[in-house]
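Residue-level structure breakdown
Chain residues, written in single-letter form:
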Amino acid sequence: MSFTIKDVSDKLNLSSHTIRYYEKEGVIPRVKRNENGVREYTTTDIQWLELVCCLKETGMPLKDIKKIVRLSLVTNTEDTLEERLEILTNHKNKVLEHMKSTEKNLMKINKKIDYYKGNVNCK
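Described in the following lines is the structure provided in the data block. (Residues numbered from 1 in each chain as written. Predicted model: local features only at pLDDT ≥ 70, side-chain atom pairs only at ≥ 80, totals over all residues. Heavy atoms only, no water.)

Within the chain, the secondary structure is distributed over 5 helices and 2 strands. Listing every helix and strand of the chain by position from the N terminus yields α-α-β-β-α-α-α. What you see for the chain is a C-alpha radius of gyration of 20 Å, clearly larger than the 14 Å of a compact globule of 123 residues, by over 25%. For the chain, the C-alpha atoms occupy an extent of roughly 70 × 35 × 20 Å along the three principal directions. Summarising the internal contacts of the chain: among those between residues at least 6 apart in sequence, 47% fall at separations of at least 24. Surface exposure of the chain reaches about 9,100 Å², of which carbon and sulfur atoms provide 53%. (Helix = DSSP H or I, 4+ residues; strand = E, 2+ residues; numbered from the N terminus. Rg over C-alpha atoms; globule rule 2.2 N^0.38 Å. Contact = heavy atoms within 4.5 Å. Areas by Shrake-Rupley, 256 points an atom, 1.4 Å probe, with all protein chains shown as cover.)

Next comes the structure, spelled out in structure tokens:
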């Protein structure tokens, strides 16, 4: 089964421009085209885009995303598995630190809200 760029755009809530940009930048594999030159996305292409969106939304730089994709698609061997794992583990740790910081800030905001509502004293 194949999907048009509009199908993918609607499914992932990404603009067609962004999808074409990701393809041009090499963060998704080259998408097949039909005899009229229209892109035909596969389920695998969509899964890659979902991963790219996840990594991008959690703050991974595009250069690291490109590296993961290159290592996964071009040299998908045991030789690069450790390097891919290291990139993802480092990113996971950064995301966890950001979550801790966000949670701490959320607690402060909630205290201020409670203070304004007159429920607790704010220090």
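This is not the end of the story, as more comes after the structure.
We now examine the pattern of salt bridges. One pass over the full model with this rule turns up 7 salt bridges. Among the ionic pairs, lysine 66 bridges to glutamate 25, the shortest N-O distance being 2.7 Å. Taken together, the residues span a long stretch of sequence, with lysine 66 in helix α4 (residues 62-73) and glutamate 25 in helix α2 (residues 16-25) at a distance of 41 residues. The exposure class of lysine 66 is partly exposed, given its relative accessible area of 28%. Using a relative accessible area of 23% as the deciding quantity, one classes glutamate 25 as partly exposed. Note that glutamate 83 is salt-bridged to lysine 67, the shortest N-O span being 3.0 Å. Of this pair, glutamate 83 sits in helix α5 (residues 78-117) while lysine 67 is found in helix α4, placing the two residues 16 residues apart along the sequence. The class for lysine 67 is partly exposed, based on a relative accessible area of 31%. Each of Glu23, Arg30 and Arg39 takes part in salt bridges that share partners, so that together they form one network. (Salt bridge = Lys/Arg side-chain N within 4 Å of Asp/Glu carboxyl O. Buried < 20%, exposed > 50% of the residue type's maximum accessible area, 1.4 Å probe, protein only.)

Attention now moves to α5. In this model, α5 (40 residues) spans 57 Å end to end at C-alpha, consistent with the 58 Å of a helix rising 1.5 Å per residue. Buried within α5 we find Thr80, Arg84, Ile87 and His91. (Expected span 1.5 Å × (residues − 1).)

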